[in-house]
Amino acid sequence: MFSRFSSSALFSLALALLGAGSASAQSLSGVEFVSDSLTLDGTLRSVLDANPAVTSLDELANAAGGRLAQTRTGFLPQITGTASYTRIDPVVQLPFGGETLRLAPNNNYDAHITAQYLLLDFGKNDATVKLAESQVQTARDNVNVTKRDLAFNAAQVYYNILFMRESIRVQDAQIASLRAHRNEMEKRVQGGVSTRFDVTTTDVRITQAQSTKIDLQNQLRNQQVQLSRLLHKPSQADIPVKGQLTFKPQAVNVESEVAKAVENRPEIKLARDAETTATLQQRLVERSNLPSLGIGAQVGAKNGYLPNLDQIRPNTVGVVQLSVPIYDGNKNKNQRVEALANARSAVARTQDTQEQIRADVRQAANNMEFSQARYTNAEQQIAQATDALTRARARYRYDVGTNLDVLDAETQLAQARLARAQAIYNYTLGQYQLKRATGEQIW
């Protein structure tokens with residue numbers, strides 16, 4: 001009978017390390033020694049440069065900037081030029097003193113330049129500009145959120161690849177150790193001190209370890225496909241990364257990190273943008289029903305003046321216009337109700353976002369704390385499992401232990417090494433989760 005620490009259990013543990021959404025990559029061969037492989041920083045930059053979502057949001061931000069420039073034109077005069085020709089047939093003619101008097105020419109020419117300027121609108125145009133400025137800021141913050149999420153996903157894929165590689169190395173070490181043990185048993189069988197059953201039992205464990213390695217290689221290849229997708233390269237593209245899992249603990253002051261998150265997190269910036277936009281929209285609605293005062297002037301030339309109707313003569317026009325809304329069917333009143341409700345909703349969303357941010361920081365800090373404890377525990381397990389394996393081999397060599405003891409010790413050592421890799425992987429991701437939670441730039 002085999003020990004309960006089977007290689008299938010080891011594989012289940014390896015899968016658990018990836019968590020939800022971490023299952024993908026590339027084959028093992030040639031991964032570690034490729035000169036043009038990507039570091040973490042190179043991976044993050046390449047993902048951000050290649051992703052069309054960032055380009056799309058950048059263009060939306062540019063479009064918002066264009067709309068802002070359009071609203072600012074309301075403070076400038078508007079000048080237009082117009083030229084027209086009109087043919088009229090027939091025209092009114094009256095008999096006068098034996099002659100026929102035309103009241104209008106058949107051919108009418110008119111060319112003029114018109115200038116208009118808004119003198120006073122009680123802050124409507126200013127409110128429109130400020131609203132457009134707020135929308136530009138929202139568009140830019142959306143770009144930062146998307147970049148942050150893409151960078152975090154890229155970092156997760158990067159470390160998933162490193163973790164799967166480390167898991168495969170654990171399997172390789174276990175397979176090599178089992179094969180060495182099998183060779184020793186073959187000699188013992190030939191010497192008549194062991195049976196073929198021990199060799200067969202070890203062969204089964206080797207086969208199980210190889211099966212687990214194949215599954216892990218599949219996970220690695222799938223993770224490579226995920227990286228190719230983030231880089232928007234063909235799925236078959238070979239994009240190796242370089243690096244290895246390392247444990248680098250850091251001190252975390254939760255209250256300080258929470259304060260940093262509330263100040264810097266892009267989600268809180270977006271929530272505050274929404275508050276500002278809602279307030280400015282409310283202000284614009286309040287001013288949209290106020291009077292406006294404008295002036296205009298026109299200078300040009302046209303014909304049609306008595307006594308010589310066909311002669312083109314210069315002309316000028318000046319105008320002062322006051323527009324006063326009187327009744328709009330309660331449209332503005334209802335718009336105010338809507339704008340006030342949107343402003344209250346934006347304030348509530350900001351409060352909810354702040355609470356979520358605090359929870360995110362605490363969760364990331366908790367993950368780091370317990371991953372560090374698991375790392376310490378895994379180090380102890382490795383030391384204990386190594387000692388147990390040494391003793392099991394010695395006992396078996398002197399016929400006071402069983403082959404099953406050696407196989408169980410091999411499995412326990414591999415499991416401890418995998419637990420250490422898991423702890424490093426989880427702690428490293430916890431560090432990036434904390435950066436994401438506090439709004440610290442990852443790329």
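Computed from a predicted model, the values in this text were never measured in an experiment.

Caption draft 1: Expanded view of the overall build of the protein chain. Along its length, the protein chain carries 9 helices and 6 strands. For the protein chain, the C-alpha radius of gyration of 39 Å lies well beyond 22 Å, the compact-globule estimate for 443 residues. The dimensions of the protein chain, computed from C-alpha atoms along their principal axes, are 150 × 45 × 35 Å. Considering only contacts in the protein chain between residues 6 or more positions apart, those separated by 24 or more positions represent 83%.

Caption draft 2: A look at the environment of Val-170. Locating Val-170 in the fold gives a position in helix α4 (residues 124-190). Note on Val-170: relative accessible area 6%, which makes it buried. Each C-alpha atom, one on Val-170 and one on Ala-385, is 14 Å from the other, the two residues being 215 residues apart in sequence. When sequence neighbours within four positions are dropped, the list of residues in contact with Val-170 reads Ala-414, Arg-417 and Leu-418.

Caption draft 3: Expanded view of the pairing of strand β5 (residues 292-302). Note: strand β4 (residues 107-120) against β5, 10 bridges, orientation antiparallel. Looking at β5, one finds that Gln-116 is bridged to Gly-296. Both β5 and strand β6 (residues 313-323) contribute to a ladder of 11 bridges, which runs antiparallel. Bridge pairing in β6 places Gly-296 opposite Val-319.

Caption draft 4: Examining unusual backbone geometry more closely. Of note, the amide linkage connecting Asp-89 to Pro-90 takes the cis form, showing an omega dihedral of -10°. On the secondary structure map, Pro-90 appears in the loop between β1 (78-87) and β2 (93-96). The omega angle of the peptide bond from Leu-306 to Pro-307 is 5°, so this bond is cis rather than trans. Although it is not a glycine, Asp-399 adopts a positive phi angle of roughly 60°. When you line up the elements, Asp-399 lands in the loop between α8 (331-397) and α9 (403-438).

Caption draft 5: Focus on the sheet that holds β4. Taken together, the 4 strands give an open sheet; going across it, the order is β1-β4-β5-β6, and neighbouring strands pair in antiparallel fashion. The open sheet has two edge strands, β1 and β6, and neither has a second partner. Each adjacent strand pair in this sheet contributes to an overall mean axis angle of 20°, direction not counted.

Caption draft 6: Representation of the UniProt feature "coiled-coil region" (unreviewed entry) in the protein chain within the structure. Mapped onto this numbering, the UniProt entry annotates "coiled-coil region" (unreviewed entry) at residues 206-233 and 361-395. Taken end to end, residues 206-233 is 93% helix and 0% strand, and its two terminal C-alpha atoms sit 37 Å from one another. In the segment residues 361-395, helix accounts for 100% and strand for 0%; the C-alpha atoms at its two ends are 50 Å apart.

Caption draft 7: Just a nonpolar patch on the surface, in detail. On the surface, a cluster of nonpolar side chains totalling about 580 Å² of accessible area is made up of Val-92, Leu-94, Phe-96, Leu-101, Leu-103 and Leu-306. Exposure remark for Leu-94: the relative accessible area of 42% places this residue in the partly exposed category.

Caption draft 8: The arrangement of the confidence of the model for the protein chain in detail. Predicted confidence across the protein chain gives a mean pLDDT of 85, with 91% of residues reaching 70 or more. Predicted confidence for residues 1-36 stays below pLDDT 50, and this span has 83 contacts to residues more than four positions away or in other chains.

Caption draft 9: Fine view of the pattern of salt bridges. In the structure shown here, the tally under the stated rule is 21 salt bridges. With its nearest N and O atoms 2.6 Å apart, the salt bridge here joins Arg-148 to Asp-149. For Glu-355, the salt bridge goes to Arg-358, with nearest N and O atoms at 2.9 Å. Of this pair, Glu-355 and Arg-358 both sit in helix α8, 3 residues apart, which is roughly one turn of the helix. Because the salt bridges share partners, they merge into one network encompassing Arg-148, Asp-149, Arg-265, Glu-267, Asp-360 and Arg-436.

Caption draft 10: Structural detail: the packing of aromatic side chains. Following the criterion strictly, the structure yields 6 aromatic pairs and no others. Pairing Tyr-158 with Tyr-159 gives two aromatic rings, centres 5.1 Å apart and planes at 90°, and the pair type is edge-to-face. The interplanar angle of 15° and the centroid separation of 3.9 Å between the aromatic rings of Phe-247 and Tyr-375 together place this pair among those described as stacked. In this pair, Phe-247 sits in the loop between α5 (196-231) and α6 (254-264) while Tyr-375 sits in helix α8, placing the two residues 128 residues apart along the sequence. Judged by its relative accessible area of 18%, Tyr-375 falls in the buried class. Through a chain of ring-to-ring contacts, three or more aromatic side chains come together here, namely Tyr-158, Tyr-159 and Tyr-432. Against the face of Tyr-432 rests Lys-435, its NZ or CZ located 4.9 Å from the ring centre. Across the ring face of Phe-152, the terminal group of Arg-436 is positioned such that the distance to the ring centre comes to 4.7 Å.

Caption draft 11: Quick look at the packing of helix α3 (residues 52-72) against α4. Interhelical geometry of α3 versus α4 gives an angle of 170° and a closest axis separation of 9 Å. In terms of their interaxial angle, α3 and α4 are classed as roughly antiparallel.

Caption draft 12: Quick look at the environment of Asp-172. Inspection of the secondary structure puts Asp-172 in helix α4. Side chain to side chain, Asp-172 and Lys-213 meet in a polar contact 2.7 Å long.

The rules behind the values
- Residues numbered from 1 in each chain as written.
- Predicted model: local features only at pLDDT ≥ 70, side-chain atom pairs only at ≥ 80, totals over all residues.
- Heavy atoms only, no water.
- Helix = DSSP H or I, 4+ residues; strand = E, 2+ residues; numbered from the N terminus.
- Rg over C-alpha atoms; globule rule 2.2 N^0.38 Å.
- Contact = heavy atoms within 4.5 Å.
- Buried < 20%, exposed > 50% of the residue type's maximum accessible area, 1.4 Å probe, protein only.
- Pairing = 2+ DSSP bridges.
- Axes fitted to C-alpha atoms, helices over the stretch in contact; angles between N-to-C directions.
- UniProt positions renumbered as here; feature names shortened; annotations may be inferred.
- Patch = residues over 30% accessible without salt bridge, like charges linked within 9 Å, V, L, I, M, F, W, Y side chains within 5 Å.
- Areas by Shrake-Rupley, 256 points an atom, 1.4 Å probe, with all protein chains shown as cover.
- Salt bridge = Lys/Arg side-chain N within 4 Å of Asp/Glu carboxyl O.
- pLDDT = per-residue confidence, 0-100.
- Phe/Tyr/Trp six-rings, centres within 6.5 Å; stacked < 30°, edge-to-face > 60°.
- Lys NZ or Arg CZ within 6 Å of the ring centre and 35° of its normal.
- Parallel < 35°, antiparallel > 145°, perpendicular 65-115°, else oblique.
- Polar contact = N/O pair within 3.5 Å; in protein donor to acceptor, adjacent residues only side chain to side chain.

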